[in-house]
Amino acid sequence: MDNVPAADLARRPDEVAAMFDDVADRYDLTNDVLALGQTRLWRRAVVNAVDPLPGDRVLDLAAGTGTSSSPLARRGARVIPCDFSLGMLSVGARRDPSLAFVAGDALRLPFADDAFDSVTISFGLRNTLDPVAALTEMRRVTRPGGRLVVCEFSHPTWAPMRTVYTEYLMRSLPSVARRLASEPEAYVYLAESIRAWPDQPALSGLIRTAGWSSVAWLNLTGGIVALHRAINPASSPPAPAPAPAPAPA
Ligand SMILES: C[S@@+](CC[C@H](N)C(=O)[O-])C[C@H]1O[C@@H](n2cnc3c(N)ncnc32)[C@H](O)[C@@H]1O
């Protein structure tokens, strides 16, 4: 990989936060270039999937610089962008001073139970140490009947496109990033973490494991990105039945 060290995918949360602190200043520019102009389309799809009513309370988790939050605010939602990288939050506060950024960890959210009508996360779930724990915590802060929208890199469904895309991820993306980004190693991590991320049905399974219901997904850009949607059931799913006692010998 062109002399760039391989990314360690099992990063500690403080290492992930520090990595985003380092790329914060050029994050949005680098992102737009590397996503080959697709980000606007993906952001529009997120807003349509969240479909907030004016005044709805929406948590945008792992919001970074708030680029995923601003379109929700423009739709009339009361959006709270939350992230644990102070570097990303301070770039965001300069970029869009109208947003009320909150510092917080996806695994221990600083919000009350049922605080939000919807919760969404764009390109952040993959970075959490324990995605099922994050999805469970997201469900805790969502009211019963409220909505989850996860926008994340996924797996192209058409085999020839998958081959070209994997080549782009593992070769072109790190070398383009090296020219654009202050911390190109972060983009090697990006490429490798995308490759290792569960595909669409497997992520649906993780969302269900976290207690969400009515899970469905929509492929964007041929499955390079997938939008998973789910509902917080009105009551918690029943705990699994205890294993039957062994029959007496
Ligand atoms: C690729 S950026 C996405 C930012 C934004 N949502 C977007 O779409 O542009 C991923 C963000 O996830 C944040 N993140 C990763 N793990 C997190 C955690 N456990 N708690 C809060 N934020 C986290 C990082 O700090 C980073 O800002």
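Above this text sits the structure in question.
For clarity, every value in this text was computed on a predicted model and none was experimentally measured. (Residues numbered from 1 in each chain as written. Predicted model: local features only at pLDDT ≥ 70, side-chain atom pairs only at ≥ 80, totals over all residues.)

Moving on, we get to the sheet that holds strand 5 (residues 142–153). Judged by pairing direction, the sheet is mixed, and its seven strands sit side by side in the order 3-2-1-4-5-7-6 without closing on themselves. Lying at the two open borders of the sheet, with one neighbouring strand each, are strand 3 (102–103) and strand 6 (213–220). Packed onto the sheet, helix 3 (residues 39–50) meets strand 1 (57–61), strand 4 (116–122), strand 5, strand 6 and strand 7 (225–231) and runs at close to 165° relative to strand 5. (Pairing = 2+ DSSP bridges. Helix = DSSP H or I, 4+ residues; strand = E, 2+ residues; numbered from the N terminus. Contact = placed C-beta atoms within 7 Å. Axes fitted to C-alpha atoms, helices over the stretch in contact; angles between N-to-C directions.)

So, about the site of the ligand. Lining the immediate environment of the ligand, one finds 21 residues, of which A62, G64, S85, A106 and S122 sit closest. Take the shell around the ligand: its biggest share by element is four residues, from helix 1 (residues 13–23). (Near = placed C-beta within 6 Å.)

This part takes up unusual backbone geometry. The phi angle at S214 is positive, at roughly 50°, despite the residue not being glycine. By the secondary structure assignment, S214 is in strand 6. The phi torsion at T221 lies on the positive side, around 50°, for a residue other than glycine. Along the chain, the position of T221 falls in the loop between strand 6 and strand 7.

Burial analysis of strand 1 places five of its five residues in the buried class, which makes it a mostly covered element. Residue alternation in strand 1 divides its side chains into two sets, R57, L59 and L61 and V58 and D60, and both sets are buried. Pairing of strand 1 with strand 2 (residues 78–83), which is carried by five bridges, proceeds in the parallel orientation. Each bridged residue has a counterpart across the sheet, and for D60 the counterpart in strand 2 is P81. By the bridge criterion, four bridges tie strand 1 to strand 4 in an arrangement that is parallel. Following the sheet pairing, L59 is matched in strand 4 by V119. (Buried ≥ 20, exposed ≤ 12 C-beta atoms within 10 Å, placed from the backbone.)

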